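Overview (structure and organization)
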Amino acid sequence: MGILIKTIEDLVLTALDAAPLNTYCKTFERYDGQFSVDDIKSLKSNLPACFVAYTGDRLLENTALTRYTVEMGVSVIVAAKNLRGKFQAKTSDAGVYQMLEDVKNLLHLNNLNDPNVVGLVLQRRTPLVNTESLAVFGMDFNLQFVD
């Protein structure tokens, strides 16, 4: 049996909850719509935060016995606030720019302590939200394993 999506998300969350990121990041969770209008006020009290989301996969058939190489996508969303303005939310010691570097250092080429997983590869970093007090960026990673 292959690796479950939930298992990959759990492994990524565990890998993120490590130094130096866990010395200043308050929240490590699966992404479940935390940036909706209803949830944004409660979210701001739990920032900086990292959220993990499965973004899809692709199955490549290896043999006639229906074994597959699974190429899976996982996104990490980092969010930080700063009441001094959007520039500080991005560039302070606990801002999203620092979070982007820390997440990259923790996850890029990390096999999540599973010998069946080829290490995560950072594919893209992109800004998602940038307001006066909130900065949010997404990071897309790919990984592979045989199922």
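Up top you'll find the structure we're talking about.
First, a word on scope: everything that follows refers to the structure included in this document. Nothing here was measured: the structure is a model prediction, and the numbers come from that model. (Residues numbered from 1 in each chain as written. Predicted model: local features only at pLDDT ≥ 70, side-chain atom pairs only at ≥ 80, totals over all residues. Heavy atoms only, no water.)

So, about the overall build of the protein chain. Looking only at helices and strands, the protein chain has four helices and five strands in total. Its helices and strands in sequence order give the protein chain the pattern α-β-α-β-β-α-α-β-β, from N to C terminus. Expressed as a percentage of its 147 residues, the buried residues of the protein chain come to 41%. Summarising the internal contacts of the protein chain: among those between residues at least 6 apart in sequence, 56% fall at separations of at least 24. Split by element, the accessible area of the protein chain, about 8000 Å² in all, is 51% carbon and sulfur. (Helix = DSSP H or I, 4+ residues; strand = E, 2+ residues; numbered from the N terminus. Buried < 20%, exposed > 50% of the residue type's maximum accessible area, 1.4 Å probe, protein only. Contact = heavy atoms within 4.5 Å. Areas by Shrake-Rupley, 256 points an atom, 1.4 Å probe, with all protein chains shown as cover.)

Attention now goes to the packing of aromatic side chains. Counting across every chain of the model gives two aromatic pairs. Residues Y31 and F51 carry aromatic rings whose centres are separated by 6.2 Å and whose planes lie at 80° to one another, so their mutual orientation is edge-to-face. Of this pair, Y31 sits in the loop between β1 (27-30) and α2 (40-44) while F51 sits in strand β2 (residues 49-61), and the two are 20 residues apart along the sequence. A relative accessible area of 0% means that F51 is categorised as buried. Between the aromatic rings of Y97 and F137, the centroid separation amounts to 5.9 Å while the plane-to-plane angle is 80°, which identifies the pairing as edge-to-face. With Y97 in helix α4 (residues 96-107) and F137 in strand β5 (residues 134-146), this residue pair connects regions lying 40 residues apart in the sequence. (Phe/Tyr/Trp six-rings, centres within 6.5 Å; stacked < 30°, edge-to-face > 60°.)

Treat this as a map of the structure, not an account of what it does.
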